[in-house]
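These are the residues of each chain, in order.
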Amino acid sequence: MDIDSVLNNELGQFGKYQLINILLLTIPAIASGFMAGDYVFTAGKLPYRCSVAICDTEPPEYQPDWILNAIPGTAGGFEDCSRYVYSPNITISPTDVCSPDLFDRNATVPCDGYVYGRTNSVVYDFGLECQEWLRALAGTLNSLGAMVALPLAGFVSDYFGRRSSVVFFAFNVALVGVVKAFSVNYTMYVILQFMHTAIGGGLYSAAYILATELVGPEYRVPTSATMSSSFALGQSLLGLIAAFVYEWRKLTLTLFVPVFSLLSYYWIVTESHRWLLSKNKNKRAKATLEKGARLNGKVISEDCMDFLLTAIPKQSDFKSDESNRPLLIRVLKSRAMLRRCCTTPVYWIATTFIYYGLSINSVSLSGNMYFNYILTTFIEIPGYWTAYLLLDRVGRKVTLFCGYMLCSACCVAFCFTPKSMYGLSLALYLTGKFSTGVIFTSLYLFTSELYPTRHRHSFLGFSSMLGRIGSVVAPLTPPLMVYWTGIPSLLFAGMAAIAGLLILTQPETRGLKVPDTFEDAELLGKARL
């Protein structure tokens, strides 16, 4: 008799108890999607041009008929940050509507003022015209903050509980989001952008871990897909809300004020019974298990309850000396765990690099910016549920390997597809983004199944934290297109191929019990050898 079989029989793998809590936990996942992408709109690039004092009327028009007479043209329209020099000794007649004769078209000067097509981001409020590197800092700091958040999330979740972690990070997301809406300058805005993810970025991982620990093995995959889909839905809703809430301060308040309602989760969401059992909190564990069984229409027998309350401690008693060693020392002394800790971060670095890189380099998608954002985030959801259909049928390793290789092939094909073949380019791009959905759902599940309950969030946080290196580096790929437009796509393809091959070095976890102790994790998959 083992703990998983007893939980499955006495509590139930999935029932009303699990359903209620998972539905509640999708809301923090949606809020995490808001936080992950709000800067795309609040610090988004605005359409602007140089003001032309001798031609502009009041109010000035962003794209008048005479624009190319006064401002140099480009492949996509006209220059943002320069205009033609005024001709010497110009004379403007009442009938002269900004003719080319008014300008020396062989010389340009930087703008001394600007005319905007839109004014709804921090670029306008804080004067960031023609400072793209500074504007892009918001996205970079968002990713750097997330690197800080993940180990913090692991500590809070593993030592104070999954539910407490959700409430703690939800409060931080709401508070910093509201304060950010009242930023008085760009320095304050980017500092708060960093703080937002640094002390709030653990919200999604905390909710994810709690959701997957509530269900039995047969329901971990659909639960993982549900949480991932909720995150993508949050990003899609962000695009939809931004399309209607125009001004960036009002948008920020609209997104994050409702997150304060998640503080109620301390009373309405159930703590993970697995975490309670692993921490020997027997009184709370017994109450939680009895409540869950009652909601599922079951009754846990006294013998089974006694077994559950002592099972995890007994599993680790026989190596109590080893268990008292610091976790880092135990990892370094275990070849299997050391190899695992060295390879799982590579999966995460590659995945975030490709995921954010494809988003940043999606300039080939023309049309409405809000619709494009909704489309590119929503396409991930079919990927998540494709993973659900595959993970329990073909296994975690095969699904991840095929997902990485499909992404690699699409990226290689995309970089050699002529721009004139828009339909094919779009299909390849969306297929590549679709594959990241397959990969992300599979990777969250696979990583959490490779590590023991007592330290699962810490190990997941470690891998995810290092994975943020990929999202920090991704914004640096567009400048490489100066040398050849296909360089970013080839980099994504190469990283996907490397990660796909490294997947083959880990054990398959399909159908195996989740390891509760360090020793369980070391033995993972060896029974199949």
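Residues numbered from 1 in each chain as written. Predicted model: local features only at pLDDT ≥ 70, side-chain atom pairs only at ≥ 80, totals over all residues. Heavy atoms only, no water.

Let's shift gears to the state of the cysteines. Within the structure shown, the criterion is met by three disulfides. Residue pairing for Cys-55: its cysteine sulfur links by disulfide to Cys-98, the two sulfurs lying 1.8 Å apart. What sets the handedness of the Cys-55 and Cys-98 disulfide is the S-S torsion sign, and at about 80° it is right-handed. With Cys-55 in the loop between β1 (48-50) and α3 (67-70) and Cys-98 in the loop between β4 (82-86) and β5 (103-110), this pair connects stretches of sequence that are 43 residues apart. Just as Cys-55 is buried, Cys-98 falls in that class too. Counting only the cysteines that take part in disulfides, in the order they occur along the protein, gives the pairing 1-5, 2-4, 3-6. (Disulfide = S-S within 2.5 Å. Helix = DSSP H or I, 4+ residues; strand = E, 2+ residues; numbered from the N terminus. Buried < 20%, exposed > 50% of the residue type's maximum accessible area, 1.4 Å probe, protein only.)

The subject of this paragraph is a nonpolar patch on the surface. Together, Trp-385, Tyr-388, Leu-389, Leu-390, Val-394 and Val-398 make up an exposed nonpolar region whose accessible area comes to about 460 Å². Its location among the elements puts Val-394 in helix α20 (residues 380-394). With relative accessibility at 37%, the residue Val-394 sits in the partly exposed group. (Patch = residues over 30% accessible without salt bridge, like charges linked within 9 Å, V, L, I, M, F, W, Y side chains within 5 Å. Areas by Shrake-Rupley, 256 points an atom, 1.4 Å probe, with all protein chains shown as cover. Salt bridge = Lys/Arg side-chain N within 4 Å of Asp/Glu carboxyl O.)

This paragraph deals with the environment of Thr-223. Mapping Thr-223 onto the fold places it in helix α10 (residues 220-244). With residues up to four places along the chain from it excluded, the contact list for Thr-223 reads Ile-22, Ala-211, Thr-212 and Val-215. (Contact = heavy atoms within 4.5 Å.)

This part takes up the packing of aromatic side chains. Across all of its chains, the model carries 23 aromatic pairs by this definition. Between Tyr-189 and Trp-248, the aromatic rings sit 5.7 Å apart at their centres with planes inclined by 85°, giving edge-to-face as the arrangement. Taken together, the positions of Tyr-189 in helix α8 (residues 186-200) and Trp-248 in helix α11 (residues 248-256) put the pair 59 residues apart, joining distant regions of the chain. Looking at Tyr-189, the relative accessible area reads 0%, which means it is buried. For Trp-248, a relative accessible area of 1% puts it in the buried group. (Phe/Tyr/Trp six-rings, centres within 6.5 Å; stacked < 30°, edge-to-face > 60°.)

A few words now on the nonpolar core. Leu-25, Met-227, Val-259 and Tyr-404 are the most contacted members of the largest nonpolar core, which has 98 residues in total. Those residues in contact with Met-227, other than ones at most four positions away along the chain, are Leu-25, Thr-26, Ala-29, Tyr-204, Ala-207, Tyr-208 and Ala-211. (Core = buried A, V, L, I, M, F, W, Y, C linked by side-chain atoms within 4.5 Å.)

Following the sequence through the fold, Gly-73 ends up in strand β2 (residues 73-74). Separated by ten residues in the primary sequence, Gly-73 and Arg-83 place their C-alpha atoms 9.7 Å from one another.

The next subject is the pattern of salt bridges. Enumeration over the complete set of coordinates arrives at eight salt bridges. One salt bridge in this structure joins Lys-433 and Glu-380, with 2.9 Å as the shortest N-O distance. Here Glu-380 lies in helix α20 and Lys-433 lies in helix α22 (residues 422-450), a separation of 53 residues in the sequence. Here Lys-433 falls in the buried class, since its relative accessible area comes to 1%. Sharing partners across several salt bridges, the network here consists of Asp-158, Arg-162 and Glu-213.

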